[in-house]
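Chain by chain, the residues:
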Amino acid sequence: MIIEPFKVEIWMNEWETRCAYNLAETCVASITIEELLRISGQNHDALSDLLAMKMTYGAIEGSSRLRKAIAALYGIQDIENVTVTHGTIAANMLVHKAIVSRGDRVVSIVPTYQQHYSIPECIGADLHQLHLRKENGFLPDLDQLRALVTRDTKLIALTNPNNPTGALISRPMLEEIAEIARDVGAYILCDEVYRGTGQVGDGMSASIVDIYEKGISTASTSKAFSLAGLRVGWLVAPKEVTEKVLIHRDYDTISVGMINDHFAAIALENADKLLARSRRITRENLTLLRDWVEAQDRVSWVEPQAGTTAMLQIDTPMSSRELCVDLLEKTSVMLTPGDAFEMEGYVRIGFANDTQVLREGLEKVSEYFRQHVG
């Protein structure tokens, strides 16, 4: 199977351990197991639960305890609709492999996580892309979507909140997208890994599975829950999709580690506490980033409404990759070049990491602009 190199992951792998100020990080500031236990009202005694845990494969679809906690993040969802995976990345891969065949028409809303167009493309799908535009606030043009979604469309793929722009599709717009899909019987795969990080209210946006009968949600403990190291994700899907997913999953997963499952269950049983922490960090840090952007002559943006990232349009003669490499070499500040998302002229910034790192990193970028960008 030939597939395009995963641009953003190649960039992260190359640089994220070599910088002092990681402003490319997309997770809300990660927590330790000790912090997880404290937030969930437990102490070190809870670790004793692991001592008697026999290291079998465990429950193949994920433990009932974890799947129940995942189902509670949605409206009315049965745990039979929930499958546990190795992160959102595995959930997305499984959905594409289970649903899409050669020749199937797939519409992907871009920019997005590269899986959602490179995987169907490598399968041999008839891929069509709907490009988000700055003038629309990086929200999809529904007239364009209607034109792209024809009677033979098998799948519509999107991220909400959007990665990388931080745009948030509201429930009314999701309902319109669902109606477009319903008219042709298409599935909607909505990568919702940043769900729960909205900038207003309780931060929890509507899920496609609570709106559309052929909706599929993927997510994980990584971004909003600050526990990427657990490598636990999930998908919530209709029965016929779950059955196909489980066939593919037998070939590449078997099961998620029991220890990972155990701590993920603790985390999601305390989702309200973890998400409250994430809201505090993302909202405080976005205020800091907003003030910085407003003070820059070279930077413009569409302010994100959710998520942990924003796309900054930079006025510079350099390409986005040249800019990011030069910035790294001169200041040890890491951003992500826009060409990883087919958005030349932009860089992606992650604003949900440690607040002091963000503050000092932005100061370094300002200094770099003054000294090195003519």
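Each remark here, short or long, concerns the structure printed above.
Quick summary incoming for the structure in this document. By convention here, each chain's residues receive numbers from 1 onward along its written sequence. It should be noted that, the model being predicted, local features are given only for residues of pLDDT at least 70 and side-chain atom pairs only at 80 or more, the latter also being counted only at that level, while totals for whole chains, interfaces and linings use all residues. The basis for every side-chain value is the complete set of heavy atoms in the structure, and neither hydrogens nor water enter the calculation.

### Here's the deal with the sheet that holds strand β12 (residues 336-337)
Each strand in a sheet pairs with another by means of backbone hydrogen bonds, the pair being arranged parallel or else antiparallel. The criterion, for reference: Criterion used throughout: strands pair if DSSP finds at least two bridges between them. Labels follow the DSSP assignment, with helices taken as runs of H or I lasting at least four residues and strands as runs of E lasting at least two, numbered in each case from the N terminus.
Here we have four strands laid out as an open sheet, ordered β9-β10-β13-β12, and antiparallel in their pairing. The open sheet terminates on both sides in strands that have one partner only, identified here as β9 (299-301) and β12. Two elements, β12 and strand β13 (residues 346-350), share two bridges in a ladder whose sense is antiparallel. Directly across from Pro337, in β13, lies its bridge partner Val347.

### Let's talk about the pattern of salt bridges
The test is simple: One speaks of a salt bridge when a side-chain nitrogen belonging to Lys or Arg is within 4 Å of a carboxyl oxygen belonging to Asp or Glu. For every residue, the accessible area (1.4 Å probe, protein chains only) is compared with the maximum for its type, and the residue is labelled buried under 20%, exposed over 50%, or partly exposed between those bounds.
One pass over the structure, following the stated rule, counts 16 salt bridges. In this structure, Glu342 engages Lys7 in a salt bridge whose closest nitrogen and oxygen atoms are separated by 2.6 Å. Of this pair, Glu342 sits in the loop between β12 and β13 while Lys7 sits in helix α1 (residues 7-15), placing them 335 residues apart in sequence. Note on Glu342: relative accessible area 52%, which makes it exposed. Taking the relative accessible area as the measure of exposure, Lys7 reaches 31% and is therefore partly exposed. For Glu269, the salt bridge identified is with Arg65, shortest N-O distance 2.7 Å. Placement of the pair is Glu269 in helix α9 (residues 258-269) and Arg65 in helix α3 (residues 64-71), with a sequence separation of 204 residues. With a relative accessible area of 37%, Arg65 lands in the partly exposed category. Salt bridges here are not isolated pairs; linked through shared partners, they connect Arg133, Glu135 and Asp141.

### A closer look at the sheet that holds strand β8 (residues 233-236)
To keep it simple, the criterion reads: Think of each axis as a best-fit line through the C-alpha atoms, taken over the contacting stretch in the case of a helix, with angles from 0 to 180 degrees between the N-to-C directions.
Spatially, seven strands are ordered β2-β8-β7-β6-β5-β3-β4 in an open sheet, and the strand pairing comes out mixed. Both edges of this open sheet fall to β2 (82-85) and β4 (126-131), since each of them pairs with a single strand only. Pairwise comparison of adjacent strand axes, ignoring direction, gives a mean angle of 20° for this sheet. In this structure, strand β7 (residues 215-220) lies alongside β8, joined through four bridges in antiparallel fashion. Pairing of Ser217 across the sheet is with Val236, part of β8.

### Here we look at helix α12 (residues 355-372)
For the α-helix, the turn length of 3.6 residues means that residues three or four positions removed from each other point alike. Our working rule: The span you would expect from a helix comes to 1.5 Å times its residue count less one. Arc, as used here, means the arc of the directions from the helix axis to the C-beta atoms. Throughout this description, a polar contact denotes any pair of N or O atoms lying within 3.5 Å of each other; where both atoms belong to protein, one of them has to be capable of donating a hydrogen while the other can accept it, and for residues adjacent in sequence the pair is counted only when both atoms sit in side chains.
End to end, α12 covers 25 Å across 18 residues, agreeing with the expected 26 Å (1.5 Å per residue, within 8%). Residues of α12 that are buried: Leu358, Gly361, Leu362, Val365, Ser366, Tyr368 and Phe369. Projected down its long axis, α12 carries its buried residues within an arc of 160°, all on one side. Those residues of α12 that are exposed and angled more than 90 degrees off the buried face are Arg370 and Gln371. One side-chain oxygen at the N-terminal end of α12 lies 3.1 Å from the backbone nitrogen of Gln356; it belongs to Asp354.

### A look at the side chain of Thr253
With respect to the helices and strands, the residue Thr253 is situated in the loop between α8 (239-252) and α9. Thr253 sits in the buried class, given a relative accessible area of 13%. Reaching out from Thr253, the side chain makes a polar contact with the side chain of Asp252 at a distance of 2.8 Å.

### Section: the packing of aromatic side chains
Note the threshold: Centre distance within 6.5 Å is the pairing criterion for rings of Phe, Tyr and Trp, where only the six-membered ring of Trp is used; planes under 30 degrees apart are then read as stacked, over 60 as edge-to-face, and the remainder as tilted. Placement of a positive charge over a ring is assigned whenever Lys NZ or Arg CZ falls within 6 Å of the ring centre and within 35 degrees of the normal to the ring plane.
One pass over the full model with this rule turns up four aromatic pairs. Judged by centre distance (4.9 Å) and plane angle (55°), the ring pair of Phe6 and Tyr113 falls under tilted. With Phe6 in the segment before α1 and Tyr113 in the loop between β3 (105-110) and α5 (115-123), the pair connects residues that are 107 residues apart, well separated along the chain. Assessed through its relative accessible area of 13%, Tyr113 is described here as buried. Taking 5.9 Å as the distance between ring centres and 45° as the angle between the ring planes, the aromatic pair formed by Trp11 and Trp15 counts as tilted. Pair noted here: Trp11 and Trp15 are both in helix α1, with a separation of four residues, about one helical turn. Residue classification places Trp15 among the buried positions, given a relative accessible area of 9%. In this structure, Arg18 packs its charged tip against the face of Trp15, placed 4.3 Å from the ring centre. Lying over the aromatic face of Tyr74, Arg195 brings its terminal NZ or CZ to 5.0 Å of the ring centre.

### Focus on the pairing of β3
Put simply, the rule is: By convention, a crossover is right-handed whenever its connection, traced from the first strand over the helix to the second and viewed with the strands pointing away, goes clockwise.
Burial analysis of β3 places six of its six residues in the buried class, which makes it a mostly covered element. Both faces of β3 are covered, namely the face carrying Arg105, Val107 and Ile109 and the face carrying Val106, Ser108 and Val110. For β3 and β4, the ladder comprises six bridges, and the chain directions are parallel. Of the residues in β4, the one forming a bridge with Val107 is His128. Each parallel crossover has a hand, and the one from β3 via α5 to β4 is right-handed. For β3 and strand β5 (residues 153-159), the ladder comprises four bridges, and the chain directions are parallel. Pairing of Arg105 across the sheet is with Thr153, part of β5.

### Notes on the layout of surface pockets
Applicable threshold: Put simply, the grid is 1 Å and covers the protein atoms alone, a cavity is a trapped set of points that fit a 1.4 Å probe, a pocket is an open set with protein on both sides within 12 Å along at least five of seven lines, and lining residues have an atom within 4 Å of a point. Grid points are joined across faces, edges and corners, and a volume is the space filled by probe spheres set on the points. Lys, Arg, Asp and Glu make up the charged group, whereas Ala, Val, Leu, Ile, Met, Phe, Trp, Tyr, Cys and Pro make up the nonpolar group; the residues left over, Gly among them, are polar.
In this structure, the largest pocket occupies an estimated 470 Å³ of space. Around the largest pocket sit 24 residues that line it, and Glu9, Thr26, Cys27, Tyr113 and Lys223 are the ones nearest its centre. Broken down by secondary-structure element, the contributors of at least two residues to the lining of the largest pocket are α1 and α4 (87-99). With four residues, α1 is the single largest residue contributor to the lining of the largest pocket. Taken together, the residues of the lining of the largest pocket sort by class into nine nonpolar, eight polar and seven charged.

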